[in-house]
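Observations on chain architecture
Given next are the chains, with one letter for each unit.
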Amino acid sequence: MTVVDNAIYVGGERVEPETLEQTYELIRDRRGMGWIGLFRPTTEEIASVAQEFGLHPLAVEDAVHAHQRPKLERYGDTLFVVLRPARYVDSPEIVEVGELHVFLGKDFVVTIRHSAAPELAPVRKRLEAHPELLRCGPEAILYAILDRIVDDYVPVLRGLGDDIEEIEAQVFGGQAGVTRRIYELSREVIEFQRACQPLVDVVDALSDGFDKYAVDVELRRKLRDVHDHVVRVVERVEAFRQLLASALTVNASVVAQRQNEEITRLTEATFRQSEEVKRISGWAAILFAPTLVGTVYGMNFTHMPELHWTLGYPFAVVLMFCVSVILYVVFKFRGWL
């Protein structure tokens, strides 16, 4: 069976049974509190635990198949809690969200992990180093697990915050590919938000049962502290989401501005080219007019009018000059030259 750890605690002191059956016996005989840790058990593997502690079939089914949102449900005297731990992987810039299910009864705690994180061994060692906390019962174990998960959220926030700062620099630096990075990081932030935001309701629901289940006063204070940390985490995640949305909008504006500037430069270049073409066309027309006149007067046919006219040559030269001057004045007036 996928048993990660198995122990009972009598007066806050650890006792290690050899088998689960011995754990059940010691819980009854010595009136201790059992804590059984399982890792990805099948329905058959969890059957003995469910039968011994009277776990509700619906909760067992949820625990086996996983993919649940964070929640807290009560089945008689048994409390079923779903938690979503998270860790940040910097290189691909992703948030890995795991899943942890916790069953709590009067004298037992069953934890079922479906991911490598969080490692609950440090949580056990911390509790075992403080027997007075273990004497508070299963709620103390749930508090320690919640505290560990919320503490693990802090590096995730730090990693996301660093990436958002880099994105802001890329947006105003005009780097390519930043839009895709914003979109992908936004998805990771939303996934993280889905993991941590419902935890506020979970802790609130626990707080509502303080009086009914006579939870220790010191433990109440610790749970309220966890609640405050969760609220701050949720607020920062929401701020990250808004920052990324704003970054996407600003990036779109920056891209549009760069495109407008490029279009303006192209328009100016086209205008300058058009001006050059007009100048070239104007001078070409001026040069073409004398050529046309000279060509006409260069047609040396016998019966051509004005061929033997004494003033024919001066007239042709004056005509070419006048036409050129007129064209120059017209083009200059229109701004072509």
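Going by the structure above, here's the rest.
About the cut-offs
- Residues numbered from 1 in each chain as written.
- Predicted model: local features only at pLDDT ≥ 70, side-chain atom pairs only at ≥ 80, totals over all residues.
- Heavy atoms only, no water.
- Helix = DSSP H or I, 4+ residues; strand = E, 2+ residues; numbered from the N terminus.
- Buried < 20%, exposed > 50% of the residue type's maximum accessible area, 1.4 Å probe, protein only.
- Areas by Shrake-Rupley, 256 points an atom, 1.4 Å probe, with all protein chains shown as cover.
- Lys, Arg positive; Asp, Glu negative; His and termini not counted.
- Charge placed at Lys NZ, Arg CZ, Asp CG, Glu CD.
- Phe/Tyr/Trp six-rings, centres within 6.5 Å; stacked < 30°, edge-to-face > 60°.
- Lys NZ or Arg CZ within 6 Å of the ring centre and 35° of its normal.
- Expected span 1.5 Å × (residues − 1).
- Pairing = 2+ DSSP bridges.
- 1 Å grid on protein atoms, 1.4 Å probe; cavity = no way out; pocket = protein on both sides within 12 Å on 5 of 7 lines; lining within 4 Å.
- Points joined across faces, edges and corners; volume = space filled by probe spheres on them.
- Salt bridge = Lys/Arg side-chain N within 4 Å of Asp/Glu carboxyl O.
- Polar contact = N/O pair within 3.5 Å; in protein donor to acceptor, adjacent residues only side chain to side chain.
- Contact = heavy atoms within 4.5 Å.
- Core = buried A, V, L, I, M, F, W, Y, C linked by side-chain atoms within 4.5 Å.

1. A few points about the overall build of the chain
Looking only at helices and strands, the chain has 10 helices and nine strands in total. When its C-alpha atoms are laid out on the principal axes, the chain stretches across 145 × 40 × 30 Å. Taking all 337 residues of the chain together, 41% fall into the buried category. Counting every atom, the chain has about 19000 Å² of accessible surface; 56% of that belongs to carbon and sulfur. Charged side chains of the chain number 37 positive and 50 negative; the gap between the two group centres comes to 4 Å.

2. Topic: the packing of aromatic side chains
Scanning all chains against the criterion turns up four aromatic pairs. Put simply, the rings of Tyr-24, Phe-53 and Phe-108 touch in pairs and so form one group of aromatic residues. One cation-aromatic arrangement involves Arg-124 over Trp-35; the distance from NZ or CZ to the ring centre is 3.9 Å.

3. Focus: helix 7 (residues 178-196)
Helix length check: helix 7, at 19 residues, gives a terminal C-alpha distance of 27 Å against a target of 27 Å (1.5 Å per residue), a fit within 8%. What helix 7 keeps buried is the set Val-178, Arg-181, Ile-182, Leu-185, Ser-186, Glu-188, Val-189, Phe-192, Gln-193, Ala-195 and Cys-196.

4. Observations regarding the pairing of strand 1 (residues 3-10)
Put simply, side chains in a regular strand alternate between the two faces of the sheet. Two elements, strand 1 and strand 3 (residues 33-39), share six bridges in a ladder whose sense is antiparallel. Across the sheet, Asp-5 pairs through a bridge with Gly-37, a residue of strand 3. Summarising the sheet, strand 1 and strand 2 (residues 13-15) pair through three bridges and their orientation is antiparallel. Bridge pairing in strand 2 links Ile-8 to Val-15. Remark: two residues form the turn of the hairpin made by strand 1 and strand 2, two consecutive strands paired antiparallel; Gly-11 in that turn has positive phi of roughly 60°.

5. Some thoughts on the layout of surface pockets
A probe as big as a water molecule, rolled over the atoms, marks out the empty space that is left. By volume, the second largest pocket is sized at about 170 Å³. Around the second largest pocket, the lining is made up of 13 residues, and of these Tyr-9, Arg-31, Gly-32, Met-33 and Gly-137 lie nearest the centre.

6. Things to note about the pattern of salt bridges
Within this structure, the stated rule accounts for 17 salt bridges. A salt bridge links Glu-128 to Arg-14, with the nearest nitrogen and oxygen atoms 2.7 Å apart. Here Arg-14 lies in strand 2 and Glu-128 lies in helix 4 (residues 121-128), a separation of 114 residues in the sequence. Across the salt bridge formed by Arg-181 and Glu-93, the nearest N and O atoms sit 2.5 Å from each other. Here Arg-181 is found in helix 7, whereas its partner Glu-93 is found in the loop between strand 6 (86-89) and strand 7 (94-97), with 88 residues between them in sequence. Here Glu-93 falls in the buried class, since its relative accessible area comes to 18%. When salt bridges with common partners are traced through the structure, they connect Asp-5, Arg-14, Glu-16, Arg-124 and Glu-128 into a single cluster.

7. So, unusual backbone geometry
Outside of glycine, negative phi angles account for most residues, and trans bonds account for most peptide bonds. A positive phi angle, close to 50°, is found at Arg-40, a residue other than glycine. Here Arg-40 is to be found in the loop between strand 3 and helix 2 (43-53). Its identity is not glycine, yet Glu-93 carries a phi of approximately 55°, on the positive side.

8. Considering the side chain of Asn-6
Along the chain, Asn-6 turns up in strand 1. On the basis of relative accessibility, which here comes to 11%, the residue Asn-6 falls in the buried class. A distance of 2.8 Å separates polar atoms of two side chains, one belonging to Asn-6 and the other to Thr-23. With near-sequence residues (within four places) excluded, Asn-6 lies in contact with Arg-14, Pro-17, Thr-19, Leu-20, Thr-23, Trp-35, Ile-36 and Arg-124.

9. Overview of the nonpolar core
Residues Leu-83, Val-102, Ile-145, Leu-160 and Phe-192 are the most contacted members of the largest nonpolar core, which totals 56 residues. Here the element with the most residues in this core is helix 6 (residues 138-173); it accounts for 16 residues. In this structure Leu-83 touches Gly-98, Glu-99, Leu-100, Val-102, Ile-145, Leu-146, Ile-149 and Leu-199, once residues within four positions along its chain are discounted. Core analysis: the second largest hydrophobic core is formed by 23 residues, Leu-20, Val-64, Phe-80 and Val-82 among them.

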